[in-house]
2 protein chains.
Amino acid sequence: MSEFATAVALSAESGNPTEFAGELGAGWVIGQAVNGGIIKALALAGLRQGVEAAGGHGDPLVASAFFLSAGAPGPARVRTEVLRTGRSMSTGQVSVLQQVDGQEVERLRVVATFGDLSVQSEPVYKATPPPVLPEPDDCLKGDRDSSPHGKPIAILDRLDIRLDPATTGWAWGEPSGQGELRAWIRFADGTEPDLMSLPFFVDAMPPVTFDLGAVGWAPTLELTTHLRAAPAPGWLRIRATTSNVAGGLLEEDVVVWDATDRVVAQSRQLAGVRMPDSAPRT
Amino acid sequence: MSEFATAVALSAESGNPTEFAGELGAGWVIGQAVNGGIIKALALAGLRQGVEAAGGHGDPLVASAFFLSAGAPGPARVRTEVLRTGRSMSTGQVSVLQQVDGQEVERLRVVATFGDLSVQSEPVYKATPPPVLPEPDDCLKGDRDSSPHGKPIAILDRLDIRLDPATTGWAWGEPSGQGELRAWIRFADGTEPDLMSLPFFVDAMPPVTFDLGAVGWAPTLELTTHLRAAPAPGWLRIRATTSNVAGGLLEEDVVVWDATDRVVAQSRQLAGVRMPDSAPRT
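Residues numbered from 1 in each chain as written. Chains lettered and ligands numbered in written order. Predicted model: local features only at pLDDT ≥ 70, side-chain atom pairs only at ≥ 80, totals over all residues. Heavy atoms only, no water.

Undergrad: Account for the pairing of strand E15 (residues 249-257) of chain A, with residues named and values stated.
TA: Residues and elements named next belong to chain A. Summarising burial for E15: 9 of the 9 residues are buried, a large majority. The antiparallel pairing of strand E14 (residues 236-246) with E15 creates a hairpin that spans 2 residues between the two strands, and Gly-247 there sits at a positive phi of about 60°. Of the strand pairs in this sheet, E15 and strand E16 (residues 263-272) are connected by 9 bridges, and their pairing is antiparallel. Looking at E16, one finds that Glu-252 is bridged to Gln-269. In this antiparallel pair of consecutive strands, E15 and E16, the connection spans 5 residues, and Asp-261 shows a positive phi of 75°. (Buried < 20%, exposed > 50% of the residue type's maximum accessible area, 1.4 Å probe, protein only. Helix = DSSP H or I, 4+ residues; strand = E, 2+ residues; numbered from the N terminus. Pairing = 2+ DSSP bridges.)

Structure representation (structure tokens):
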């Protein structure tokens, strides 16, 4: 089983298709906290099962995740609720919960609408073309020791990420100030990307705030993901940008293209940021 | 009381700060259905009360709404649940429900995180400048009889909307195909915009799909709104764009500026669209 499949594996309660047991893996942490994207992928894996058990659809088209508290490595409950099953779409809600000092604490709440991308992906009328990147071997490889904070980043053992050096000036103290990162990305264990891994990949880039000179943690408040097509095998390309940084909050937009140049996912998040005192203001 | 204040007015159950009674007004319909933006504004008005009653914060920073069924004019229940109250932010969930044939039917489910924009709006480090528009009196005024379907649009009695004629070729059968609409917008009764009206304004434009030659209804699956500052008095300006139209679905992005050129809100939605057979494909 691939590392990703293991990370999102769930076991159902006997006879209960709405609640599942899973595990937040220690291999997916950044600092002390488990990466939000892998928790969201786990949540959607459970919700997909819950929605399908209720006769609903299997492909997440849009998912909104609210991050309520930081996930810790260890057991987690995935509790689903089906809100509506319709002819072409179904909607459900899911919570990821962990026990803390004998209390159940919610880590993440996701609402998502499911459909059938085999009939909801084509034809393409309008799409953003992918960025032109240097070849992967001419890009900067992220590794577990590449954090600007000096703390190892375990998740970078799971990911093969190659950052366009035109967007990594922050790594040597020269952020561009534009607020843009571009990269090739894939699983380190050779697993090909699939539809259900895209909610993880959209949240796998370093914070775009690094390119604004803010090297602190940028905690996500909310992350919405649109899944538009199942990705072809091969490298994914990702561009992360921000157009709105104010008052300790920023919007971050991500687009993901597959190896055929197809836009397979878009996401937007609102995140917290502590900008350096020297940052220019408008 | 202003038309908008009437539309989002709620009465609480005695002694219950989590559930409210409201009314979906017949004056806010488009065709048969009540506009989704006004239902979302009603939901957030209730959730704000619920969150504040639990000791949480009062300014919605980010809200994600899933549209489950079309709202009809008439009574509605607004049921809230507080998920978390923290030091600087609080998160809650709200459902808007109506009785249909003796059954409670959910129209809308919203999750939102609240904060305090008096300390979370400034300073501005990065923002998109507003589009240059012709003066409002040189723009195309939307009115209740301006639908391409010939059905009256009651909501356009509540709104003063002036569309940039460079983006209204669809009104005379010549859509640009770019997927962009720009407009001035304000309440028709002279009420100044406030923070809690922005979730309505982001969903008040004609569908951006009109500019792609698709004049049918574009039902919203999900709409996420970021509220970044309380608007100054005066006209708002709105730009709606799409970058991704495929398989009967499109992403639509909206930015709202106030009279001081400040970005006060951003939204993104995933919506359904039926493209004309003649539409060019990529």
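Undergrad: Tell me about the pattern of salt bridges, and please be specific about residues and values.
TA: Summed over the entire model, instances satisfying the criterion amount to 34 salt bridges over all chains. Linking Glu3(A) and Arg158(A) is a salt bridge whose minimum nitrogen-to-oxygen distance equals 3.0 Å. Residue Glu3(A) is located in helix H1 (residues 3-7), and its partner Arg158(A) is located in the loop between strand E10 (140-141) and strand E11 (159-163); the two are separated by 155 residues in the primary sequence. Overall, Glu3(A) belongs to the partly exposed group, its relative accessible area being 29%. The buried category is assigned to Arg158(A), whose relative accessible area is 15%. Across the pair Arg182(B) and Asp164(B) runs a salt bridge, and its minimum N-O distance is 3.2 Å. Taken together, the positions of Arg182(B) in strand E12 (residues 180-187) and Asp164(B) in the loop between strand E11 (159-163) and E12 put the pair 18 residues apart, joining distant regions of the chain. Of the two residues, Arg182(B) and Asp164(B), neither departs from the other in class, the shared state being buried. Residues joined by salt bridges that share partners form a network here, namely Asp137(A), Lys141(A), Asp160(A), Arg162(A) and Arg186(A). (Salt bridge = Lys/Arg side-chain N within 4 Å of Asp/Glu carboxyl O.)

Undergrad: Describe the relation of the copies chain B and chain A, listing the residues and the values that go with them.
TA: When chain B is fitted to chain A, the best match, at an RMSD of 0.0 Å, comes from turning it 180° and sliding it 0.0 Å along the axis. The transformation just described matches what one would write down for a two-fold rotation axis. Distance from the rotation axis, computed per C-alpha, reaches its smallest value in chain B at Ser64(B): 3.3 Å. Of all interface residues in chain B, 100% are interface residues in chain A too; the two copies therefore contact each other through one and the same surface. (Least-squares fit on C-alpha atoms with pLDDT ≥ 70 in both. Contact = heavy atoms within 4.5 Å.)

Undergrad: Quick one: what's the story with the interface of chain B and chain A, residue by residue and with numbers?
TA: Taken residue by residue, the interface counts 56 residues in chain B and 56 residues in chain A. Regarding the contact of chain B and chain A, the summed buried area is about 4,900 Å², with carbon and sulfur atoms giving 57% of it. Across the chain B-chain A interface, the total number found is 4 salt bridges. Between Glu81(A) and Arg109(B) there is a salt bridge, with the nearest N and O atoms lying 3.5 Å from each other. Where chain B packs against chain A, one counts 33 residue pairs in polar contact (both at pLDDT 80 or more). Element by element, the count of residues in the side of chain B that touches chain A is highest for strand E16 (residues 263-272) of chain B, at 6 residues. Looking at the side of chain B that touches chain A residue by residue, the class counts come to 24 nonpolar, 19 polar and 13 charged. (Buried area = accessible area lost by both parts, 1.4 Å probe. Polar contact = N/O pair within 3.5 Å; in protein donor to acceptor, adjacent residues only side chain to side chain. Nonpolar A, V, L, I, M, F, W, Y, C, P; charged D, E, K, R; others polar.)

Undergrad: Run through helix H2 (residues 36-53) of chain A, naming residues and quoting values.
TA: Residue and element names in this part refer to chain A. Across its 18 residues, H2 extends 26 Å between first and last C-alpha, which sits within 8% of the 26 Å expected from 1.5 Å per residue. H2 sits mainly inside the fold: 14 of its 18 residues count as buried. A distance of 2.9 Å separates the backbone nitrogen of Gly-37 from a side-chain oxygen at the start of H2, and that oxygen is part of Asn-35. (Expected span 1.5 Å × (residues − 1).)

Undergrad: Kindly report on the side chain of Thr113(B), identifying the contributing residues and their values.
TA: By secondary structure assignment, the location of Thr113(B) is in strand E8 (residues 103-115). By relative accessible area, which is 4% here, Thr113(B) ends up buried. Residues contacting Thr113(B), with those up to four places away along its chain left out, are Phe66(A), Leu221(A), Asp59(B), Pro60(B), Leu61(B), Val62(B), Met89(B), Ser90(B) and Thr91(B).

Undergrad: Account for unusual backbone geometry, naming residues and giving values.
TA: Residues and elements named next belong to chain A. With an omega of -5°, the peptide bond running from Glu-122 to Pro-123 counts as cis. Along the chain, Pro-123 falls in the loop between helix H3 (117-120) and strand E9 (124-126). At Asp-261, a residue that is not glycine, the phi angle is positive and equals roughly 75°. Overall, Asp-261 belongs to the partly exposed group, its relative accessible area being 41%.

Undergrad: Lay out the packing of aromatic side chains in plain terms, naming residues and giving numbers.
TA: The relative placement of two aromatic rings is captured by the distance of their centres and the angle of their planes. Applying the stated criterion to the full structure yields 16 aromatic pairs over all chains. An angle of 55° between the planes, with centres 5.4 Å apart, marks the rings of Phe200(B) and Phe201(B) as tilted. The exposure classification of Phe200(B) matches that of Phe201(B), with both residues buried. An aromatic cluster is built from Phe4(A), Trp28(A), Phe187(A), Phe200(A) and Phe201(A), whose rings are joined through pairwise contacts. (Phe/Tyr/Trp six-rings, centres within 6.5 Å; stacked < 30°, edge-to-face > 60°.)

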